[in-house]
Amino acid sequence: MPEFMVLIHESEAADATFAPQETRALLERQSAYEQKLRAAAAYVDGERLRPSAEGRRVSRGAEGPRVEAGPFGEPHLDAYYVLQAGDLDAALELVAECPVAPGAPIEVRPVMSGRVEPEKTSQKGRVFAFAVLGTAPDERSWVGVMDRIDARTQGHFPEDQFRGGVRLEAPSRGRTVSSSGGRRAIFDGPFLESKEVIGGLFFMRMTSLDEAVDWASQSAFVEHGALEIRELWRS
Amino acid sequence: MAELTHAIADIVRREKSRVVASLVRRLGSIDAAEEAFQEAVLAALPSWRSGLPTNPAAWLTTAAKNHARDAARHQRVVDEKAPLLVEHDMAQAETLDSVSDDQLRLSFTCCHPALTLDSQVALTLKVVAGLTTDEIARAFLCPEKTVSQRITRAKKTILDRQLPYEVPERVELPERLASVLAVVYLVFNEGHTTRQGPLLRLDLQADALRLARLLCDLLPNESEVFGLLALIALSLARAETRTDEHGDLLLLSEQDRSRWDRARIKEGLLSLQRARRLGGGGTYALQAEISACHATAPSWEDTEWSQILRFYEQLLAREPSPVVALNRAVAVCMHSGPAAGLEALGELEAALTSYHLFFALRADFRSRLGEDARADYQRALSLARNASERRFLQKKIDQLD
């Protein structure tokens, strides 16, 4: 069955203004939603990411790799799921009930290739998510960027540390679900013009953030795009 | 330069346990491992002046290993019978699992029940949390000499009794883990409770948070480890509001809830969620549940007291304690009124006869009921442990007039 990656974005600035009881209620609803997904066997994997303020972004600078510390632009990736569904519409139906903070957008993107290892946070040690980001003026060139990255990085992962990863289909083949005032609207997209678009997500066990940054800086990813490194949050 | 020294101190604190843990296994003693690490730090100062390496921990590990190898070679030249340091062992690359396992072994050794609790705490802070002896002494308000004696004694006990450098077997794990968690909790509590001197020592609390996070990474499927992290994060979220501008303690009902640290609360709630998923119901998880009810309540009055009562009952069933029963009485009072609260205090006097909070609480319940509370407040005042508590109680007595 086809797999879809659900990328839940959140605004940490807005998050900080929520009353703690709202946060608690949201977390409980999210936990219940996940139980339901698992029960429905649609669930493949899902993790929450630690705050972006603790993350790093590695890209190409004028003189070698450029490393920036979070927080990054708003809103940004807060959690993800990998779901199995017959088609995009079925995936969107599963996502319809996904509880998110008011105004937080959800991206639903078909998985092109790869697979993720489930239950990553049940293993000891720290696991970091690496989001592959690409910027391009149009979809064709964006796909070109991702193709180049894909070709250059095949088999470049240290096997004992790699915990799986997926490449996503082009942005136009996905959808963005936005919610405001209790109503949800579905758009094509995400749009390339406005920002970097995520082309894939992979995971590695690392002893520290420094090690993750070190690895990213020397990888072929940053020759063509950028990597955002975020630690998985055991929750 | 000061900035660099500060940055290095920061890295040392963060990376020490990882580097030392692997060296202990290779060198066979905490002392030798710490010495090699210290040499590496000294070597780092001049080399890093021109810029920090991208991966300082790897740098320190290599430098420490080199030092240890040189020292061993030298030792062999001097004394042919000196124990042979297996060089290929030194050259062997570490795997992710070996690093985690070493850190876990080190934590269990430092918190071995054969050591006194004081020694466990001092050794854990020094070796696992990476604090200096001086920092530990300042945090615990005791002379540096005392701390270094405790550490020396602990290391000697480890050598003399040949305490194993290993993660306990499955059967032994719950009990041994309880002793590791107790040390982290004690570190946290020391930074949290009032003794003498500064009321709250946030540094120590931050160290406890760091240790709890480390344990969560090393034992990701143990409910109580997440319960402890949740408890620490949720309490730490309120730390800044626990005292007023004079440094006096504020009750939970008086604190400015808008200033509670929401990111910390979220971390606490997420850890608690995991603790529950892994079974929950342990003493740290239950205390965290109570703390979560408080942290997410819009006000003192508007708190889920019935939930809190339920958690106190579970806690008492697991671990009967007069202090927990005392806290439960507060929840009873809020849920069912001061008469019920007074009744809940009933039998506790004998056990808490020298605890000022028992009398302060009974005084509070009595005055709510319109009864005479003066004697109880006086008794509490005479038992109070510091000036801040005495000021608080004196104010209450003055208000009675």
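## A closer look at the overall build of chain A
Alright, step 1. For chain A, the count of helices and strands is six helices and twelve strands.
Alright, step 2. Against the 2.2 N^0.38 benchmark of 18 Å for 235 residues, chain A shows a C-alpha radius of gyration of 17 Å, consistent with a compact globule.
Alright, step 3. Each principal axis of the C-alpha distribution contributes one length, and for chain A these read about 45 × 35 × 35 Å.
Alright, step 4. Across the 235 residues of chain A, 56% fall into the buried class.
Alright, step 5. For chain A, contacts bridging at least 24 residues in sequence account for 81% of all contacts bridging at least 6.
Alright, step 6. Each charge sign in chain A was given a centre, from 28 positive and 37 negative side chains, and these centres are 1 Å apart.

## Observations concerning the domain arrangement of chain B
Alright, step 1. Taken domain by domain, chain B consists of domain 1 (2-90) and domain 2 (312-401).
Alright, step 2. Once you take the C-alpha centre of each, domain 1 of chain B and domain 2 of chain B turn out to be 53 Å apart.

## Quick look at the side chain of arginine 50 of chain A
Alright, step 1. Here arginine 50 of chain A is to be found in the loop between β2 (43-49) and β3 (56-61).
Alright, step 2. Of the polar contacts made by the side chain of arginine 50 of chain A, one reaches the side chain of glutamate 267 of chain B; its length is 3.5 Å.
Alright, step 3. Ignoring sequence-local partners within four residues, the contact set of arginine 50 of chain A consists of Arg230, Glu231, Leu232 and Trp233 of chain A together with Arg213 and Glu267 of chain B.

## Brief notes about the interface of chain A and chain B
Alright, step 1. Opposite the 37 residues of chain A that make contact, chain B presents 35 residues.
Alright, step 2. Between chain A and chain B, roughly 3,100 Å² of surface is buried when both sides are summed, and carbon and sulfur atoms account for 48% of that area.
Alright, step 3. Where chain A touches chain B, the interface holds six salt bridges.
Alright, step 4. Between aspartate 101 of chain B and lysine 124 of chain A there is a salt bridge, with the nearest N and O atoms lying 2.6 Å from each other.
Alright, step 5. The tally of links from chain A across to chain B stands at eleven residue pairs in polar contact (both at pLDDT 80 or more).
Alright, step 6. When contributions to the side of chain A that touches chain B are tallied by element, the ones reaching two or more residues are α2 (20-39), β11 (197-206), α5 (209-217) and β12 (226-233) of chain A.
Alright, step 7. Considering each element in turn, the side of chain A that touches chain B owes the most residues, nine residues, to α2 of chain A.
Alright, step 8. Of the residues that constitute the side of chain A that touches chain B, the class distribution is seven nonpolar, 13 polar and 17 charged.

## Structural notes on the environment of serine 354 of chain B
Residue and element names in this part refer to chain B.
Alright, step 1. Residue position: serine 354 is located in the loop between α16 (338-345) and α17 (356-368).
Alright, step 2. The class of serine 354 is exposed, set by a relative accessible area of 57%.
Alright, step 3. The spatial distance from the C-alpha of serine 354 to the C-alpha of leucine 369 is 24 Å, given a sequence separation of 15 residues.

## Things to note about the pattern of salt bridges
If charged atoms from side chains of opposite charge come close, those side chains can pair.
Alright, step 1. A full pass over the atoms with the stated rule returns 48 salt bridges over all chains.
Alright, step 2. In this structure, lysine 156 of chain B and aspartate 160 of chain B form a salt bridge, with 2.8 Å as the shortest nitrogen-oxygen distance. Here the residue lysine 156 of chain B and the residue aspartate 160 of chain B both occupy positions in helix α8 (residues 144-160), the gap between them amounting to four residues, near one helical turn.
Alright, step 3. One continuous salt-bridge network, built from bridges that share partners, spans Arg50 and Glu54 of chain A together with Arg213, Arg264 and Glu267 of chain B.

## What about α16 of chain B?
All names here are of chain B.
Alright, step 1. Inspection of α16 places Gly341, Leu342 and Leu345 among the buried residues, and these make up the whole buried set. For α16, the arc enclosing every buried residue in end-on projection is 100 degrees, short of the 170-degree limit, so these residues lie on one face.
Alright, step 2. Looking at the buried side of α16, the elements it contacts are α15 (322-336) and α17.

## What to know about the packing of aromatic side chains
Residues and elements named next belong to chain A.
Alright, step 1. Considering all chains together, one arrives at 17 aromatic pairs over all chains under this definition.
Alright, step 2. For the ring pair tyrosine 43 and tyrosine 81, a centre distance of 6.3 Å and an interplane angle of 70 degrees mean the geometry is edge-to-face. Within this pair, whereas tyrosine 43 is found in strand β2, its partner tyrosine 81 is found in strand β5 (residues 76-84), the two being separated by 38 residues in sequence.
Alright, step 3. Since its relative accessible area comes to 7%, tyrosine 81 is described here as buried.

## Looking at the nonpolar core
All names here are of chain B.
Alright, step 1. In this structure, Leu106, Leu123, Leu125 and Leu345 are the most contacted members of the largest nonpolar core, which totals 124 residues.
Alright, step 2. Looking at this core element by element, the count peaks at ten residues for helix α11 (residues 223-236).
Alright, step 3. Mapping this core onto the domain boundaries places at least three of its residues in each of domain 1 (2-90) and domain 2 (312-401).
Alright, step 4. Once residues within four sequence positions are removed from consideration, leucine 125 is found in contact with Gly130, Leu131, Ile136, Phe140, Val187, Leu204 and Leu211.

## Overview of the environment of glutamate 371 of chain B
Alright, step 1. You can see glutamate 371 of chain B is positioned in the loop between α17 and α18 (374-383).
Alright, step 2. Each C-alpha atom of the pair glutamate 371 of chain B and methionine 334 of chain B lies 18 Å from the other, and the pair is 37 residues apart in sequence.

## Overview of the pairing of strand β8 (residues 162-168) of chain A
Residue and element names in this part refer to chain A.
Alright, step 1. In terms of burial, β8 is a largely internal element, six of the seven residues being buried.
Alright, step 2. When strand β6 (residues 106-116) meets β8, the two strands line up antiparallel, connected through five bridges. For valine 116, the partnering residue across the bridge sits in β8 and is glycine 164.
Alright, step 3. Across four bridges, the pairing between β8 and β11 is antiparallel. Bridge pairing links glycine 165 to phenylalanine 202 in β11.

## Side note on a negative patch on the surface
Residues and elements named next belong to chain B.
Alright, step 1. Judged by side-chain charge, Glu166, Glu169, Glu172 and Glu175 come together as a negatively charged surface patch.
Alright, step 2. The residue glutamate 172 is located in the loop between α8 and α9 (173-192) in this model.
Alright, step 3. In this structure glutamate 172 comes out as partly exposed when scored by relative accessible area, which is 40%.

Rules and cut-offs
- Residues numbered from 1 in each chain as written.
- Chains lettered and ligands numbered in written order.
- Predicted model: local features only at pLDDT ≥ 70, side-chain atom pairs only at ≥ 80, totals over all residues.
- Heavy atoms only, no water.
- Helix = DSSP H or I, 4+ residues; strand = E, 2+ residues; numbered from the N terminus.
- Rg over C-alpha atoms; globule rule 2.2 N^0.38 Å.
- Buried < 20%, exposed > 50% of the residue type's maximum accessible area, 1.4 Å probe, protein only.
- Contact = heavy atoms within 4.5 Å.
- Lys, Arg positive; Asp, Glu negative; His and termini not counted.
- Charge placed at Lys NZ, Arg CZ, Asp CG, Glu CD.
- Domains from an automatic or database assignment.
- Polar contact = N/O pair within 3.5 Å; in protein donor to acceptor, adjacent residues only side chain to side chain.
- Buried area = accessible area lost by both parts, 1.4 Å probe.
- Salt bridge = Lys/Arg side-chain N within 4 Å of Asp/Glu carboxyl O.
- Nonpolar A, V, L, I, M, F, W, Y, C, P; charged D, E, K, R; others polar.
- Arc of directions from axis to C-beta.
- Phe/Tyr/Trp six-rings, centres within 6.5 Å; stacked < 30°, edge-to-face > 60°.
- Core = buried A, V, L, I, M, F, W, Y, C linked by side-chain atoms within 4.5 Å.
- Pairing = 2+ DSSP bridges.
- Patch = residues over 30% accessible without salt bridge, like charges linked within 9 Å, V, L, I, M, F, W, Y side chains within 5 Å.
- Areas by Shrake-Rupley, 256 points an atom, 1.4 Å probe, with all protein chains shown as cover.

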